[in-house]
Structures are given as structure tokens and as C-alpha cells.
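Reading the structure
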Amino acid sequence: MRLSSSFRLLGLFVATSLSAGAWALPKLKESVQPPHGWVKLDHAPENHVINLRIGLPQSNFPVLEQHLYEVSDPYHERYGQHLSKEEVEALVAPHPESVSSIDAWLEENGVSVDDTSRSSAGDWVTVKIPVRLAETMLNTTYHVWKHVSSGSQLVRTTSYSLPEHIHEHVDVIQPTTMFALWKGLKTTLHYEDAVEELPVVNSVQKLNLASGVTVDPSCNASVTLSCIKQLYNIGDYTPKSTKKNAIGITGYLEQFINDEDLRLFYQDQLPQAVNSSYQFISVKGGLNNQTVADAGIEANLDAQFAFGLSYPTPGTFWSTAGRPPFKPDINLVENTNVPEDYARRTCQGFAQLGARGISVIFSSGDGGVGDGNPDPATQTCFTNDGRNATRFVPIFPAAVTSVGGTNNVPEIAVFFSGGGFSNYFPRPKYQDEAVRGFLNNFPKTTYKDLFNRGGRAIPDVAALGRRFRIFYQGKIISIGGTSASAPTFAAVVALLNDDRLSKGKSTLGFLNPLLYSKGLSGFNDITAGNNPGCGTTGFNATKGWDPVTGLGTPNFGKLRNLLC
């Protein structure tokens, strides 16, 4: 609503619960230390336009979280009874008082409610405004900041304030205090002419593994769809529930699936899929650029293996607008400088998907325990609290399934597999037994003060992450990273969902409570390898869960028997 000028004036003189509007004195909402590795340049241009996103408190999120755990617990009577989109949105919708308070605050600052856009639940309000107005509304000063090592620049502030009566109606406002490198998760590339760690195996002798499967030795030189199907005991399983099931991948920073590369990949490895297609969905103006030179190496990897392994399950690609090296608010984060309020709201969004029966899969990152650097003299894992103390840096999403990486056949942990313990989120109950098993055998003095022993542990699982044979710009290349592991595991989940749906059961939804209980024996335990970083050798893969490969890699045949 729009407050009259006389009512605004009255707010100066009476102490009531009514809004004091734009006249209210600002109170600090958030403040951070200037982050390590960033330098402040000039005052941001006052006409620079930012998409200011305001997160309103979700009125009944604790109730939603309870639903999430009940429908995801295989021993609960409500298991598999997922909520609808409408039911989820009703639980996260903000209180009407929050909506009216934010609307009034915006209008008092000259922003019409008609100029805002809102999420379908109403818990996010977005408005495009110039820096000069944002500075007035937030009682702050924006500067251009530069990331020293990459050269990336962004417009940010280190603190902002709001009228005191607005505080309870705001969870988070960005872009403000989040300093993050906006880029897709780093990928380790190995092209055809690169020096491989292992020579090509010429023997025709099959590799007999402890899991009971046999694998072609050529899979140690080049990983194909056939290699994955052999290694993870998928065999000749063919999806049956293609009218009910689906698999989706997301593209950021102008990462585009190149359809010709996908066709060449299918022609090379899956001829029956050559004439297949996928659904393209543009998010906030995301493009579908088919120029060969603009083919996305990560998008191609995701599509070729996720869609190829789960074929003929229908695939969807969401293309989100945003151009590298940087655009605020819309891309994946790989950085230590993520404010806790932003991290929590992001994970609450993932929880909403899980409650609806959607499995969300994330790679655990390619930096080992932080930056991938074992040298104490040059490591870059520093806290952002003014102390600049060394600390491990795990990727932050909590309400997802995190996938680490392996290498070789038989598998060992790959050196870049991200893993560790959250500094924001406590360890969930479903992880207690598995993670305590690791910590009880891990010396308490080792890496003292470098990680949070009580934090949410990652990764949950793992999959191969090196030497994937894909097509890129019309040529065959070899590529690796946990960005290869994640679509591989996602495809396995899609196949499990397919089998469940064919039997009249629900999709698996949020996977973790199930994987850490009924699913435990469905994984190949990885017990060799480590993930260096932050000036250390990192953690070691060991028997049971570990912060390098999680519970291990999937055995589809066993998981199918256990979960379907």
C-alpha cells in the first residue's frame, strides 16, 4: 500500500508498531569483512543497474522440513507421499504482514509494486534499480571490487542497513555482501594428446572386480557409456516408464548443449538415440545458441552422459541467462565468501524440490578439501572473518545429494574430489552413524581447527570422474571432474526411479535418508586415494563413509533390489 505524506510524518512522533516508513532510522542488517583475495576499486557507477533480490521469511519452513524428512525416510509411514508444488508453495509463502511491509518500504523509496517481480510463492521479490537508489534504500555504498587472481570484477558492499521495523520481514538481500566467483564448477580437462596417468591397456583380459562385475580394460583409457554400464552393474536395463519419468540438467554462464555434438556422441556410442530430442526451457532469457564455437563443454558432458545413460528417459535442459566472467545472482558458486543467510535460503529452495519428489544432485567440487593445493606456502583457504586463518572450504549445499569423484578401474578416489564438513550446517541425523564411524577413527589432533567435526559431511556418494569420451565442437575429447561424476550418478537415479514407477511406486525424491539406511549395501566402497588442498594432503578414502568418496560408487543392480 502507498502511505500518505501525513501518515509518514506522524510516524516520526509516535512510538507504535506501525511502520515508520522511509523516515525510520536504519539499523545494521549485515556486515562482513573485506574478503581475502579481493581489492576495492572505485565507487560503483550510480547508474549501474542491479537486480536487487529480497528474500522474505518463509512462514512455515520448519513444517516443510518436517514433511521433507518424513516422506524421505524409508521407515516412516509417509515415505514417498510427496507434496505438490501448490502444497510446498503454501508452506513457504511469506506472512501477509511481511508482504505489505516490504511493499510499503519499496513504494516509500519510489519503487512501484508494479515494477517488481515475484517468485510463485511470493517469498522472493526482485526489482531492477540503479546503484544510487540501492545505496539510499540500504544505507550503504557500493564499490567495484576486483578478484586479484582471476581479474573478475563485481559491484558489492561489505554492509547494509534497513529500517528497524523491516528487519523481521527480510531474510536476505543480494547482491550486497556475497563475494563469489561466478563460474561453473571447475573442470579438469584431459584432451586426446594430453599425457595420461595410465597407459592404454591393450590386454583383452576383462577386469574382474570385487563387486562381481567385469569391465573392459579399455575403460582405464577412455570412459564410455558402455564402461559406466559395466562398472556400475546397469547391464542392458532399458527404461519402461518414459511417460512418467524425466531427467533434467541446468546450464549457466552461456553453457549450451550443442545438438550436433550430441548427435555425433549418440552416433559414436548410442546409435538408437541419434534421432532423439530433449526439451529446452529458457530461464530468465537463457539462450539456445547452436553455434559450434559457442558449444558448452560442461553442458555437452552433462547432456551426453546423463541423457545417454538414461535413454530413452525424457530429458530437459534449463538454460539460465548470464554471461561470463560474471553476472550477479544467477550462477553456481565456487568460493568461500558465501554469507550464511544466502546459503541457508539457497538450501531451503533445494528442500522444496526434495519435498516434491525431485532428486537434486550436485558435484562436490574439484578442489579437494578446498583449493586443491597441498603446498602450505601457496594455499588460499582463508577464513573471511578478519583473521585470515586457514580452514577447509567445503561446497555449501546441504539439502542435496553431493557426488565426489573416482578414477581408474578398480576405482580409487580421484585427487580433486571435493569433500569435508560444512561450517554452516550441522550434521543431519541420517548421517550420524556413517560419519561418526569415520570420525571415531580419525585422530582428533589431525587438522585441528581446520574443519568442523559436527558439520554436514560431503560428499554423500561418488562416481567416475576422469577420461570421459565426449564430443565437443565436432571433435572427440577426454574430460574429467566431479562435473562428470554428478550426471553419471544422476542417470543411475533416473533408472532407479524408472524401475520404481514401473511398479507403481513413487520417485525417490530426496535421496540421502534412504542412501544412508536401506541403500548402504548398494555401494562399492572406495578405500584408496585422498583429496589434497589447503596446504594439506586432505582426507583419505577408507572403509565405510569418508569425506572423499562418501558411501562409495553405485551398484545399480544391488540398489534396484534394495530400493525398488
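Source: prediction; values computed, not measured.

Cut-offs and rules
Residues numbered from 1 in each chain as written. Predicted model: local features only at pLDDT ≥ 70, side-chain atom pairs only at ≥ 80, totals over all residues. Heavy atoms only, no water. Helix = DSSP H or I, 4+ residues; strand = E, 2+ residues; numbered from the N terminus. Buried < 20%, exposed > 50% of the residue type's maximum accessible area, 1.4 Å probe, protein only. Areas by Shrake-Rupley, 256 points an atom, 1.4 Å probe, with all protein chains shown as cover. Phe/Tyr/Trp six-rings, centres within 6.5 Å; stacked < 30°, edge-to-face > 60°. pLDDT = per-residue confidence, 0-100. Contact = heavy atoms within 4.5 Å. Disulfide = S-S within 2.5 Å. Pairing = 2+ DSSP bridges. Axes fitted to C-alpha atoms, helices over the stretch in contact; angles between N-to-C directions. Expected span 1.5 Å × (residues − 1). Salt bridge = Lys/Arg side-chain N within 4 Å of Asp/Glu carboxyl O. Parallel < 35°, antiparallel > 145°, perpendicular 65-115°, else oblique. Left-handed = near helix turned anticlockwise from the far one by under 90°. Core = buried A, V, L, I, M, F, W, Y, C linked by side-chain atoms within 4.5 Å.

So, the overall build of the protein
When helices and strands are tallied, the protein shows 13 helices and 25 strands. In the protein, which comprises 564 residues, the share counted as buried stands at 55%. In the form shown here, the protein has an accessible surface area of approximately 24,000 Å², with 52% of it arising from carbon and sulfur atoms.

With respect to the packing of aromatic side chains
In the structure shown here, the tally under the stated rule is 29 aromatic pairs. An angle of 55 degrees between the planes, with centres 4.7 Å apart, marks the rings of Phe-305 and Phe-468 as tilted. With Phe-305 in helix H8 (residues 297-310) and Phe-468 in strand E22 (residues 468-472), the pair connects residues that are 163 residues apart, well separated along the chain. When sorted by exposure, Phe-305 lands in the same class as Phe-468, which is buried. By the ring-pair criterion, three or more aromatic residues cluster together here, those being Phe-392, Phe-421, Phe-438, Phe-442, Tyr-447, Phe-451, Phe-539 and Trp-545.

Thoughts on the confidence of the model for the protein
The predicted coordinates ought not to be read in detail in places where the model reports low pLDDT. Chain-level pLDDT for the protein is 88 on average; 88% of the residues reach the 70-or-more range. Contacts from residues 1-22, a stretch scored under 50 in pLDDT, to residues over four places away or in other chains number 19 contacts. Below pLDDT 50 for its whole length, residues 183-202 participates in 53 contacts with residues either more than four positions away or in separate chains.

With respect to the state of the cysteines
Disulfide: a covalent bond formed between the sulfur atoms of two cysteine residues. The tally for this structure, following the rule as stated, stands at two disulfides. Two residues share a disulfide in this structure: Cys-219 and Cys-227, whose sulfurs sit 2.0 Å from each other. Because the torsion about its S-S bond is -90 degrees, the bridge between Cys-219 and Cys-227 counts as left-handed. A single burial state applies to Cys-219 and to Cys-227, both of which are buried. The disulfide partner of Cys-381 is Cys-534, and the S-S distance across this bridge is 2.1 Å. Taking the torsion about the S-S bond as the criterion, the Cys-381 to Cys-534 disulfide, at about -75 degrees, is left-handed. Of this pair, Cys-381 sits in the loop between strand E16 (361-363) and strand E17 (401-407) while Cys-534 sits in the loop between strand E24 (523-524) and strand E25 (553-554), placing them 153 residues apart in sequence. Residue class for Cys-381 comes out buried when judged on its relative accessible area of 1%. When its relative accessible area of 3% is taken as the criterion, Cys-534 is described as buried. Each bonded cysteine of the protein gets a number by its place in the sequence, and the pairs then read 1-2, 3-4.

Quick look at the sheet that holds strand E2 (residues 38-43)
One open sheet holds the three strands; their spatial order is E2-E6-E7, and the pairing between them is antiparallel. The sheet is open, and its two edges are formed by E2 and strand E7 (153-156), each paired on a single side. Strand after strand, the sheet turns through a mean of 35 degrees between neighbouring axes, direction not considered. Of the strand pairs in this sheet, E2 and strand E6 (residues 143-147) are connected by four bridges, and their pairing is antiparallel. For His-43, the partnering residue across the bridge sits in E6 and is His-143.

Notes on the pairing of E6
Most of E6 sits out of view: four of its five residues are buried. The sheet contact formed by E6 and E7 spans four bridges and is antiparallel. Bridging across to E7, Lys-146 finds its partner in Gln-153.

Some words on helix H9 (residues 340-355)
In a regular helix each residue adds 1.5 Å, so 16 residues correspond to 22 Å; H9 covers 22 Å between its end C-alpha atoms and thus fits that length. Taken together, the buried positions of H9 are Tyr-342, Ala-343, Arg-345, Cys-347, Gln-348, Phe-350, Ala-351, Gln-352, Gly-354 and Ala-355. Just downstream of H9 lies Gly-357, where phi reads positive at about 90 degrees.

Quick look at the pattern of salt bridges
In the structure shown here, the tally under the stated rule is 18 salt bridges. Note that Arg-78 and Glu-70 form a salt bridge whose closest N and O atoms lie 2.6 Å from each other. By relative accessible area, Arg-78 is classed as buried at 17%. Owing to a relative accessible area of 17%, Glu-70 belongs among the buried residues under this scheme. Several salt bridges converge on common partners, so that one network encompasses Lys-240, Asp-498, Asp-499, Lys-503 and Arg-560.

Considering the packing of H8 against helix H11 (residues 482-502)
Close contact between H8 and H11 brings their axes to 8 Å; oriented N to C, the two are set at 25 degrees. Classified by the angle their axes make, H8 and H11 are roughly parallel. Between H8 and H11 lies a crossing of right-handed hand. Contact residues: Glu-298, Leu-301, Asp-302, Phe-305, Ala-306, Leu-309 and Ser-310 in H8; Ser-483, Ala-484, Pro-487, Thr-488, Ala-491, Ala-494 and Leu-495 in H11.

Focus on the sheet that holds strand E14 (residues 279-283)
Reading across from one edge, E13-E15-E14 is the order of the three strands in this open sheet, with parallel pairing throughout. The two strands at the open ends of the sheet, each matched to only one other strand, are strand E13 (247-251) and E14. Averaged over all pairs of adjacent strands, the angle between strand axes in this sheet comes to 20 degrees, irrespective of strand direction. Bridge count for E14 against strand E15 (residues 315-320) is five bridges, and the pairing is parallel. Considered in E15, the bridge of Ile-281 is made with Trp-318. Packing of H8 onto the sheet brings it into contact with E13 and E15, and relative to E13 it is tilted by some 180 degrees.

Let's talk about the nonpolar core
Ranked by internal contacts, the top residues of the largest apolar core, which has 101 residues, are Ile-228, Phe-305, Phe-307, Phe-421, Phe-468, Phe-539 and Trp-545. The biggest single contributor to this core is H11, with nine residues. Not counting residues up to four positions away in its chain, the partners in contact with Trp-545 are Phe-421, Ala-434, Val-435, Phe-438, Ala-457, Ile-458, Pro-459, Asp-460, Tyr-516, Gly-550 and Leu-551. Core analysis: the second largest hydrophobic core is formed by 25 residues, Ala-44, Val-111, Val-127 and Leu-133 among them.

Thoughts on the environment of Lys-243
Counting through the fold element by element, Lys-243 comes out in the loop between helix H6 (225-231) and E13. Accessibility expressed as a relative area gives 83% for Lys-243, which makes it exposed.

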